[in-house]
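Take a look at the letters that make up each chain.
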Amino acid sequence: MPGKKEVIIVGGGLAGLMATVTACEKGASVHLISYVPVRRSHSVCAQGGINGAVNTKGEGDSPEFHFDDTVYGGDFLANQPMVRDMCYDAPKVIYLLDRMGVTFNRTPEGLLDFRRFGGTLFNRTAFAGATTGQQLLYALDEQVRRYEDEGKVFKYEHHAFQSLILDGQRNCRGIVLADQQTLECRALLADAVALCTGGIGMIYGQSTNSVICTGSAASRAYQQGVWYANGEFIQIHPTAIPGADKCRLISESVRGEGGRVWVPKNPKDTRRAKEIPVAERWYFLEEKYPAYGNLVPRDIASREIFDVCVNQKMGIGGQWEVYLDVTHIPEATLRAKLAGVLEIYEKFRGEDPYHNPMRIFPAMHYSMGGIYVGYGAETDRKADLPAGWEQYKHMSNVNGLFAGGEADYQYHGANRLGANSLLSCLWAGRVLGPEMTKYVENSQLPALKQSEIDTAVREQEQAFEAVLKMSGSENATRIQDELSREMTMHATVVRFNDKLDKLDSKLTELLERWERIGSADKSRTANQELFFIRELRDRILLSRVIARGARMRDESRGAHYKPDFPERNDAAWQKTTIAQYEPNGMPKFSYESVDVSLIKPRVRSYKKASHGGAEEKGGEKKAEAGATAAS
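Residues numbered from 1 in each chain as written. Predicted model: local features only at pLDDT ≥ 70, side-chain atom pairs only at ≥ 80, totals over all residues. Heavy atoms only, no water.

A.B. asks: Now, about the overall build of the protein chain: what can you tell me, with residues and values included?
C.D. replies: Helix and strand content of the protein chain: 16 helices and 24 strands. For a compact globule of 631 residues, the expected C-alpha radius of gyration is about 25 Å, and the protein chain comes in at 24 Å, within 12% of that figure. Going through the 631 residues of the protein chain one by one, you find that 62% of them count as buried. Sequence separation of 24 or more characterises 72% of the internal contacts of the protein chain that already satisfy a separation of 6 or more. Seen as two clouds, the 79 positive and the 81 negative side-chain charges of the protein chain have centres 1 Å apart. (Helix = DSSP H or I, 4+ residues; strand = E, 2+ residues; numbered from the N terminus. Rg over C-alpha atoms; globule rule 2.2 N^0.38 Å. Buried < 20%, exposed > 50% of the residue type's maximum accessible area, 1.4 Å probe, protein only. Contact = heavy atoms within 4.5 Å. Lys, Arg positive; Asp, Glu negative; His and termini not counted. Charge placed at Lys NZ, Arg CZ, Asp CG, Glu CD.)

A.B. asks: Lay out the side chain of Glu486 in plain terms, naming residues and giving numbers.
C.D. replies: Turning to its location among the elements, Glu486 is positioned in helix 13 (residues 476-490). Of the side chains bearing the opposite charge, Arg485 lies closest to the buried Glu486, which forms no salt bridge; the N-O distance is 4.5 Å. (Salt bridge = Lys/Arg side-chain N within 4 Å of Asp/Glu carboxyl O.)

A.B. asks: Explain the nonpolar core residue by residue, including any values.
C.D. replies: Within the largest apolar cluster, 176 residues are counted, with the highest numbers of intra-cluster contacts made by Ile50 and Ile175. At 11 residues, the largest contribution of residues to this core is made by helix 15 (residues 528-552). With sequence-adjacent residues up to four places away left out, Ile175 is seen in contact with Ile8, Val10, Ile33, Phe161, Ser163, Leu164, Ile165, Arg186, Ala187, Leu188 and Val193. Tyr366, Met368, Ala414 and Val594 belong to the second-largest nonpolar core, a separate cluster that totals seven residues. (Core = buried A, V, L, I, M, F, W, Y, C linked by side-chain atoms within 4.5 Å.)

A.B. asks: An account of the pairing of strand 20 (residues 575-581) is needed here, citing residue identities and associated values.
C.D. replies: For strand 20, a buried count of five out of seven residues is recorded, marking the element as mostly surrounded by other parts of the structure. Sheet analysis places strand 11 (residues 228-229) next to strand 20, joined by two bridges and oriented antiparallel. Bridge pairing in strand 20 links Tyr228 to Ala579. Bridging between strand 20 and strand 21 (residues 587-593) involves seven bridges; their strand directions are antiparallel. Its bridge partner lying in strand 21, Tyr581 is registered against Pro587. Hairpin connection from strand 20 to strand 21: five residues lie between these consecutive antiparallel strands, with Gly585 at a positive phi of about 90°. (Pairing = 2+ DSSP bridges.)

A.B. asks: Let's hear about the packing of helix 5 (residues 216-223) against helix 15: which residues, and what values?
C.D. replies: Close contact between helix 5 and helix 15 brings their axes to 9 Å; oriented N to C, the two are set at 70°. Considered as vectors, helix 5 and helix 15 are oriented roughly perpendicular to each other. Crossing geometry of helix 5 relative to helix 15 is assigned as left-handed. Of helix 15, the residues touching helix 5 (which contributes Ser216, Ser219, Arg220, Tyr222 and Gln223) are Arg534, Glu535, Arg537, Asp538, Leu541, Leu542 and Val545. (Axes fitted to C-alpha atoms, helices over the stretch in contact; angles between N-to-C directions. Parallel < 35°, antiparallel > 145°, perpendicular 65-115°, else oblique. Left-handed = near helix turned anticlockwise from the far one by under 90°.)

This is the structure in structure tokens:
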């Protein structure tokens, strides 16, 4: 590859593609690694839109309000300077994508159209029908193809990240990757590597994530000494279609366009939904949260649906389901703005959602936790980080290793607001490219020894061989099913310490049983079972970070809810959880203070309207005193 400035970017989703573009703009050459063809990266599944306070509808929205909504929605667990930078850059990101040719919806006047998403009172979300992620991904892919044609980008599709290559001083110097067709392991060298490898949904099995969201890359990095932060914060999306293989997302945009959540007031009502009069329906979100109604943040909506179905046994026909109703919205509006997502429901449930309320239930959707990265100024852990760490944004605790998108932990705190995910991915990509290039330009590392390269490759080859030789009585798929079931039961919507203790014991058992798996496929080409077995161990180890981190955090904050500790406890727990891998397979936890220097923490209550720190009800505004109790 031409040029001296070379970087490696693992992950072909929005964060990885944007990082590739910005690195090329700074004169770097890029090795782009993707588990699947770039256009099939999980970013393609995003439906609803991307946030940016452009205020074309004259509502008085601003980046400062976007910043406050994001910090408030994350229950004051996000480092505020980083969130502020993202929110202030958001309008530029949207206009950049518009210039790239993204087919955003427009108003009759030709302006970009915006819809409302959860956790805000403003129409702030730009969208391209109900296939926004696909349109963004395709636009960025075209930009990357231009650099590929110029010889500045080399793509490695159908290749899987296996490990980092670290030198004797624990600087990241490249990666080992494996060809999924030939199983060949090889080294790629560069002084800067970025992991933009998305979410960890396969830990929970039936999530809204694609099955390629294995969490393996993040887990492998964690096992090599990279810090993993805030693992216990897992977002449950309130509206999804349960399925035998996975859950299908019903986007928040459906509620943003006026969709209403309800159940029959009589749980034994056997009538079809459209035959039940409005007076006999319980619109419980609208009743309990009058300021935000059906667009309360996802953690609150998920808990309320869970409570209605599980605790109150008010689900449809006694089942764990509620209605999501758009039948009152004109069909022309639905087809113009929501056709893509409604088509998914129609295909997988076999029912027309334009004229029949949809049946939905919460499902695992997103990880607020991820690889530790920072800006430098916000941390009180500099003594534990490499010298000069604060010079580079989005670098992990390992020199030369960066991360971005869902793979990192920044920006969302304890709960992500809808449509902030695409923004955080693209913003991270805009940061990563220049920062990686700057790091490579400044690095003066000694030449990597060939023995270090050979050892890194040989370790992965031996790991493959060990799996091929496994001849025990355990079944990998059965272990995966047990893992996902246990994690879903005990580490999602509601958490109890005694059940988390049992979960931790179960994870220890699963790890021991993994050693006794028998591999059925001994082939050395396109062996999917081999990758599945190896990645299963990675998932179990990362599950321990989630479960043990949740066990230790005795409070309720955002997506982390413990009925035995129902209040937010800022005095004890306004801290980032940092997990470090120990040789015995157990995580070691430490903590970092959160930078709350810009917005004073206050009560998080969506029963009132929040406007940049002033809460409003009945037209009268009053400043909410700082407090630690969570609604």
